Amino acid sequence: MNATEPLLDVAADHGRLSSLRALREVCATRLNAGDRLLALFGRTAAADQVRVTAVLQTADGALDIIRADAMPGQSYPSLTPDHPSAHLFERELWEQTGVLPDGHPWLKPVRYEGERQQRMDQHAFFSVRGQDVHEVGVGPIHASVIEPGHFRFMCLGETVHHLEIQLGYQHRGVEALLLARPPQALTPLVETIAGDTSVAYAWAYCAALESLTGTSVSPEAELVRGVALELERIAMHLVGLTGLATDIAFLQGGATYGRLRTAIINASMRACGSRFGRGWLRPGGVRFGLDAARRGDLIETLTAFSRDLRQVNDLTLSARSVRSRFQGVGAISAATAADIGMVGFAARASGVARDLRVERPGRMHRDWPLALRTEPDGDCWARLRLRMTEIDESLAWLGRVLSAPDLDRPLAPATMAGPLAPERLCVSLREGWRGPVLQVYETGADARLCHVKIQDPSMTNWFGLALALRDNQISDFPLCNKSFDLSYCGNDL
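About the thresholds
- Residues numbered from 1 in each chain as written.
- Predicted model: local features only at pLDDT ≥ 70, side-chain atom pairs only at ≥ 80, totals over all residues.
- Heavy atoms only, no water.
- Helix = DSSP H or I, 4+ residues; strand = E, 2+ residues; numbered from the N terminus.
- Rg over C-alpha atoms; globule rule 2.2 N^0.38 Å.
- Buried < 20%, exposed > 50% of the residue type's maximum accessible area, 1.4 Å probe, protein only.
- Contact = heavy atoms within 4.5 Å.
- Areas by Shrake-Rupley, 256 points an atom, 1.4 Å probe, with all protein chains shown as cover.
- 1 Å grid on protein atoms, 1.4 Å probe; cavity = no way out; pocket = protein on both sides within 12 Å on 5 of 7 lines; lining within 4 Å.
- Points joined across faces, edges and corners; volume = space filled by probe spheres on them.
- Phe/Tyr/Trp six-rings, centres within 6.5 Å; stacked < 30°, edge-to-face > 60°.
- Nonpolar A, V, L, I, M, F, W, Y, C, P; charged D, E, K, R; others polar.
- Pairing = 2+ DSSP bridges.
- Axes fitted to C-alpha atoms, helices over the stretch in contact; angles between N-to-C directions.
- Expected span 1.5 Å × (residues − 1).
- Core = buried A, V, L, I, M, F, W, Y, C linked by side-chain atoms within 4.5 Å.
- Salt bridge = Lys/Arg side-chain N within 4 Å of Asp/Glu carboxyl O.

A.B. asks: What is the right way to read the overall build of the chain from this model?
C.D. replies: The helix and strand inventory of the chain stands at 17 helices and 14 strands. A compact globule built from 493 residues should have a C-alpha radius of gyration of about 23 Å, and the chain, at 22 Å, falls within 12% of that. Its C-alpha atoms put the chain at 60 × 60 × 40 Å along the principal axes. Buried positions account for 57% of the 493 residues belonging to the chain. When contacts within the chain are restricted to residue pairs at least 6 apart in sequence, those whose partners lie at least 24 apart make up 67%. When the accessible area of the chain is evaluated, it comes to approximately 18900 Å², of which 51% is carbon and sulfur surface.

Structure representation (structure tokens):
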């Protein structure tokens, strides 16, 4: 395995510490030294034992885990007061296992799992006191096809002083469902965990199984996966641009971006049979290669697409109405974005240079690199511009790859080398269009999966959306919400 792959495959007892308190202290020390906390979660290992795992990334991009055992109900000093990036992780850990982060300032359920499901109406919303302060509740049912979520605004006049977001209305129990089926046959389920990120989810899952079974994937198959991922990135950024233009009644942009998105997803359908890339990736390789006819179709589509995209981008960026509506709205500073653990394009729009395709390029992006794009201002305008430039970068990358002779080589069928290795833990990440998709697969002594952890990039970015609304007008919420473009189902796993 390439040392820079966005993947870590270690023995299940790797990084084992003596106690939960020791894990907390090591985490705090490493975060103080500049490491990042990518995930913190637990599983019930026995009736009276919880196994807690922290996934960390060092300043130079290396992945690592530390683990410790705890008792249900055991407490430890919360990391959140000093390291806000831990606050959602600690809430989830408490909700799922009963392990208590003592001193956590926002301790309340994330998803209302298990016995808490029928008590969502008892959610302890924070309140802002003041004679003229009023609250505005939006949702959980919305006047559209979006999924349920409740937004509670605390306002003074039209200005939002605090927004609290409550999700979890459609908690689906995805992780338990993944354990109920044979691990080699999970791709159709994994692809639909967050339907707008099917390729990234499928790739993270395939990479994990390939590592756990010792399966090698050809460079040609990896390139096909890369093409699928960038087509998904372009299509979904166009969805966001469509929504942003429509929200401010910039109808020329809304109609054109929507038309261009259709061109991209139709190209994906011609390449693999699905507009969302489903069924394209399988453990061991891909189901459909890119022969000369498919490559020619993609090149022709992208050439015509690029011309029209440049025109509508120029039109959008030069429109005074667009600039006045987006600039300075919903700003998140680089320091705040880093402190709360924001990821993906929302973080990069605040100047945080994080992209797994660059930090952990692996074999494919080492041979076929792309540039990391950022914007400095962190407002809706920055998030709009960054989505445009990320599409440009994806198009440039696709142009190089689709002209490469490597894709002319025949592909071997997607097959697995053997069964899963016993007592292993594999952390697999893939930079989807919204940010890094994280999946953890752990096997027991019988070589069967005993735990699966899924984490969508939306989880850590919802808090960023809440902070973006502070000191903005309540009418700015639709713009901020669409500029972050987060997933309800990606949170309500």
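There is more to say after this.
A.B. asks: Looking at this model, I keep getting lost on empty space enclosed by the protein. Mind explaining?
C.D. replies: All chains considered together, the criterion is met by 7 cavities of 30 Å³ or more. By volume, the largest cavity amounts to about 250 Å³. Every residue lining the largest cavity is counted, 19 residues in all, and those nearest its centre are Leu88, Arg91, Ile165, Gln166 and Trp462. Secondary-structure elements contributing two or more residues to the lining of the largest cavity are helix H2 (87–97), strand S9 (159–166) and helix H15 (458–468).

A.B. asks: Help me out: how do you make sense of the packing of aromatic side chains in this one?
C.D. replies: Both the distance between ring centres and the angle between the ring planes are used here to describe each pair of aromatic rings. The tally for this structure, following the rule as stated, stands at 9 aromatic pairs. Ring geometry for Phe151 versus Tyr488: centroids 6.4 Å apart, planes at 90°, classification edge-to-face. Taken together, the positions of Phe151 in strand S8 (residues 150–156) and Tyr488 in helix H17 (residues 488–491) put the pair 337 residues apart, joining distant regions of the chain. Judged on exposure class, the residue Phe151 and its partner Tyr488 are both buried. Judged by centre distance (6.3 Å) and plane angle (20°), the ring pair of Phe345 and Trp433 falls under stacked. Here Phe345, found in helix H11 (residues 344–348), pairs with Trp433, found in the loop between strand S12 (424–431) and strand S13 (436–443); they are 88 residues apart in sequence, far enough to count as distant.

A.B. asks: Even after reading the chapter, I still don't get the layout of surface pockets, so can you show me in this structure?
C.D. replies: Over the atoms, a rolled probe matching the size of one water molecule traces out where space is still vacant. Of the volumes computed, that of the largest pocket is approximately 800 Å³. Taken together, 27 residues line the largest pocket, and the ones lying closest to its centre are Ile146, Lys482, Asp485, Leu486 and Tyr488. Taken together, the elements giving at least two residues each to the lining of the largest pocket come down to S8, helix H6 (219–247), helix H16 (477–484) and H17. In terms of residue count, the dominant contributor to the lining of the largest pocket is H16 (4 residues). Of the residues belonging to the lining of the largest pocket, the class tally is 15 nonpolar, 5 polar and 7 charged.

A.B. asks: Looking at this model, I keep getting lost on the sheet that holds S13. Mind explaining?
C.D. replies: One key point about sheets: their strands pair by backbone hydrogen bonds, in either a parallel or an antiparallel sense. As summarised here, the arrangement of the 4 strands in space is S1-S12-S13-S14, forming an open sheet in which the pairing is antiparallel. Here the strands that pair on one side only, and so sit at the sheet edges, are strand S1 (7–11) and strand S14 (449–455). Each neighbouring strand pair of the sheet contributes to a mean axis angle of 10°, computed without reference to strand direction. Here helix H5 (residues 198–213) sits on the sheet and contacts S1, S12, S13 and S14; the angle it forms with S12, its principal contact strand, is near 150°.

A.B. asks: Could you clarify how one ought to interpret helix H14 (residues 380–402) in this entry?
C.D. replies: Taking 1.5 Å of rise per residue, 23 residues should cover 33 Å, and H14 covers 33 Å from first to last C-alpha, within 8% of that figure. Among the 23 residues in H14, 18 count as buried, and that is most of the element.

A.B. asks: When you look at the pairing of S9 in this model, what are you seeing that I'm missing?
C.D. replies: Within a regular strand, the side chains alternate between the two sheet faces. Of all 8 residues making up S9, 6 are buried, and the element is well covered by its neighbours. Connecting the antiparallel pair S8 and S9 is a turn made up of 2 residues, with Gly157 showing a positive phi of about 70°.

A.B. asks: Sorry if this is basic, but what is going on with the side chain of Glu393 here?
C.D. replies: Here Glu393 is to be found in helix H14. You can call Glu393 buried: its relative accessible area is 10%. Every residue in contact with Glu393, bar those within four places of it in the chain, is listed here: Leu370, Ala371 and Arg373.

A.B. asks: Hey, could you run me through the nonpolar core in this one?
C.D. replies: Looking at soluble globular proteins, one finds that nonpolar side chains tend to be buried together. Formed by 108 residues in total, the largest nonpolar core has its most connected members in Leu238 and Trp280. Counting 23 residues, the second-largest nonpolar core is a separate cluster that includes Leu20, Leu40, Ala54 and Leu79.

A.B. asks: So what exactly am I meant to see when it comes to the pattern of salt bridges here?
C.D. replies: Pairing is possible between side chains that carry opposite charge, provided their charged atoms lie close to one another. By the definition in use, this model includes 34 salt bridges. Residue Glu359 is joined to Arg36 by a salt bridge in which the shortest nitrogen-to-oxygen separation is 3.8 Å. Here Glu359 is found in helix H12 (residues 356–359), whereas its partner Arg36 is found in strand S2 (residues 36–46), with 323 residues between them in sequence. Relative accessible area serves as the criterion here: at 26%, Glu359 is assigned to the partly exposed category. Of the residues examined, Arg36 reaches a relative accessible area of 17% and is grouped as buried. Here Glu230 ties to Arg357 by a salt bridge, and the two come within 3.2 Å at their closest N and O atoms. Residue Glu230 is found in helix H6, and its partner Arg357 is found in helix H12; the two are separated by 127 residues along the sequence. Just as Glu230 is buried, Arg357 falls in that class too. One network of salt bridges, with partners in common, ties together Glu230, Arg233, Arg348, Asp355, Arg357, Glu390 and Glu431.

A.B. asks: Just to check I follow, could you spell out unusual backbone geometry for this structure?
C.D. replies: Across the chain, the bulk of peptide bonds are trans and the bulk of non-glycine residues have phi less than zero. Residue Pro140 is reached from Gly139 by a cis peptide bond, and omega for that bond is 15°. Counting through the fold element by element, Pro140 comes out in the loop between strand S7 (133–138) and S8.

A.B. asks: For this particular structure, what's the right way to read the sheet that holds S9?
C.D. replies: Here 3 strands make up an open sheet; going across it, the order is S7-S8-S9 and the pairing antiparallel. At either end of the open sheet lies a strand with only one pairing partner, and these are S7 and S9. Neighbour to neighbour, the strand axes of the sheet diverge by 20° on average, direction disregarded. Inspection of the sheet shows S7 paired to S8 by 6 bridges, in the antiparallel sense. In the sheet register, Gly137 faces S8, and the bridge partner there is Arg152. Lying on the sheet, H15 is in contact with S8 and S9; it crosses S9 at an angle near 160°.

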